[in-house]
Amino acid sequence: MKHIWLCISHPREANFLEPKYYPLKFGELGKEFILGDTSFQIVFIGAGKKDVQKNFKKPLSLLPDRIVNLGTCGSLDSQEFPIEKIVCIREVIHFQSLRNICLEDLQYHSNEIQSAVIVSCEKPIVKEKEQIRIITLSQAKLVDMEAFFIAEFAKENDISCSIYKIVSDYANEQSIEEYSKRVSLMKPLWSKFIGMNQC
């Protein structure tokens, strides 16, 4: 049986599952649940480099076969990546250092979902000049605060890693308000993931 850690930034983004499966604390493993031939455990990892690195230190005793990050992201291009668009991340870039990690091209990343590059920043992006700088330096049009650090942990521990995001906002000064309204978007993201992986 395959074992997957579902890495999610915050409990409010895990509303597609019953709370009984939530871990008691950030960085701990939640109660195992099984779908098909796959077992899952949730890990809440926070947002940003410090949160992810701190919260990945705790459940290291039993590493999974695969890490899956499901989460929201900001879009820098409302035409190509409108709100509610679901994407599979093929490359993650750390904005401050421009280091990148290419994720494996797994077979279930089919034509039904667009692949994309995402930039992970260590603080929220809300200014237009920040958006322009990101696009200029990286060519990426999606932003978050955790994807790179999740992929980095997976690479360091030789674990398969997949990242799926749903666009929740346009990375501007209205982002926090827009995000809080759209946390329910995680339900269709989970449904898409399960459908594509036939769990």
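Our structure is the block above this text.
The notes below deal with the structure included here. (Residues numbered from 1 in each chain as written. Predicted model: local features only at pLDDT ≥ 70, side-chain atom pairs only at ≥ 80, totals over all residues. Heavy atoms only, no water.)

### Points about the layout of surface pockets
For the largest pocket, the calculated volume is near 550 Å³. Considering only residue class, the lining of the largest pocket consists of 11 nonpolar, 6 polar and 6 charged. (1 Å grid on protein atoms, 1.4 Å probe; cavity = no way out; pocket = protein on both sides within 12 Å on 5 of 7 lines; lining within 4 Å. Points joined across faces, edges and corners; volume = space filled by probe spheres on them. Nonpolar A, V, L, I, M, F, W, Y, C, P; charged D, E, K, R; others polar.)

### What about the environment of Ile8?
Counting through the fold element by element, Ile8 comes out in strand E1 (residues 2-8). Taking relative accessible area as the criterion, Ile8 reaches 0% and is therefore assigned buried. Separated by 60 residues in the primary sequence, Ile8 and Val68 place their C-alpha atoms 8.7 Å from one another. (Helix = DSSP H or I, 4+ residues; strand = E, 2+ residues; numbered from the N terminus. Buried < 20%, exposed > 50% of the residue type's maximum accessible area, 1.4 Å probe, protein only.)

### Thoughts on unusual backbone geometry
Negative phi is the rule for most residues except glycine; trans is the rule for most peptide bonds. With phi around 55°, Asp158 is a residue other than glycine that occupies positive phi space. Tracing the chain through its elements places Asp158 in the loop between helix H3 (147-156) and strand E9 (160-169). On the basis of relative accessible area, Asp158 is assigned to the exposed category, the value being 76%.

### A look at the pattern of salt bridges
Evaluated as defined, the whole model comprises 8 salt bridges. As a salt-bridge pair, Glu18 and Lys20 come within 3.9 Å of each other at their nearest N and O atoms. When its relative accessible area of 45% is taken as the criterion, Lys20 is described as partly exposed. In the salt-bridge network here, residues are joined through shared partners; they are Asp77, Glu80 and Lys141. (Salt bridge = Lys/Arg side-chain N within 4 Å of Asp/Glu carboxyl O.)

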